Amino acid sequence: GKKYKAMAAVIDMFNHNPRSSMIHKFNEETDQFELKTLEKINAGDEIFGNYGKLCNSKLLAFYGFVLEENIHHTVDIWATMLPEAPNFLVKQKALQSNGIFDSK
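Residues numbered from 1 in each chain as written. Predicted model: local features only at pLDDT ≥ 70, side-chain atom pairs only at ≥ 80, totals over all residues. Heavy atoms only, no water.

Attention shifts here to the overall build of the chain. Along its length, the chain carries two helices and four strands. Listed by position from the N terminus, the elements making up the chain come as β-β-β-β-α-α. Seen through its principal axes, the chain has C-alpha atoms that stretch 60 × 40 × 20 Å. Counting contacts in the chain only where the partners sit at least 6 residues apart, residues at least 24 apart contribute 43% of the total. Of the roughly 9,300 Å² that the chain leaves accessible, carbon and sulfur atoms contribute 55%. Positive and negative side-chain charges in the chain, numbering 12 and 13 respectively, have mean positions lying 9 Å apart. (Helix = DSSP H or I, 4+ residues; strand = E, 2+ residues; numbered from the N terminus. Contact = heavy atoms within 4.5 Å. Areas by Shrake-Rupley, 256 points an atom, 1.4 Å probe, with all protein chains shown as cover. Lys, Arg positive; Asp, Glu negative; His and termini not counted. Charge placed at Lys NZ, Arg CZ, Asp CG, Glu CD.)

Of the strand pairs in this sheet, strand E2 (residues 23-27) and strand E3 (residues 32-36) are connected by five bridges, and their pairing is antiparallel. Looking across to E3, one finds that Ile23 is bridged to Lys36. Connecting E2 to the next strand, E3, in antiparallel fashion are four residues, including Asp31 with a positive phi near 60°. (Pairing = 2+ DSSP bridges.)

Here we come to the packing of aromatic side chains. Taken as a whole, this structure holds four aromatic pairs when the rule is applied. Geometrically, the ring pair formed by Tyr63 and Phe65 is tilted, given 6.4 Å between the ring centres and 40° between the ring planes. Accessibility expressed as a relative area gives 35% for Tyr63, which makes it partly exposed. According to the relative accessible area criterion, Phe65 is partly exposed, its value standing at 25%. (Phe/Tyr/Trp six-rings, centres within 6.5 Å; stacked < 30°, edge-to-face > 60°. Buried < 20%, exposed > 50% of the residue type's maximum accessible area, 1.4 Å probe, protein only.)

Structure (structure tokens):
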């Protein structure tokens with residue numbers, strides 16, 4: 001089926017833990033949103049969600065918080081690549097094939 005991003009009510013109330021094994025999906029057969037985890041959960045345990053492998057700048061922009069020790073923290077570096085640059089078309093094709101070329 002098709003993949004969509006959506007905010008599901010109540011699901012966003014789980015605290016984020018990048019090590020959580022919780023997965024989520026929409027089950028088209030039952031018409032329900034499902035959460036599953038490979039972790040053992042005891043009564044009284046906090047259940048964590050996993051918002052994905054996001055760096056702190058994306059966590060801040062999308063969810064309004066950062067993690068002090070983020071295992072997925074990265075820093076984006078922006079650089080202009082001019083069409084006159086050596087091997088521009090080769091570089092552009094390599095970037096496009098990896099889904100990271102922005103033509104704007």
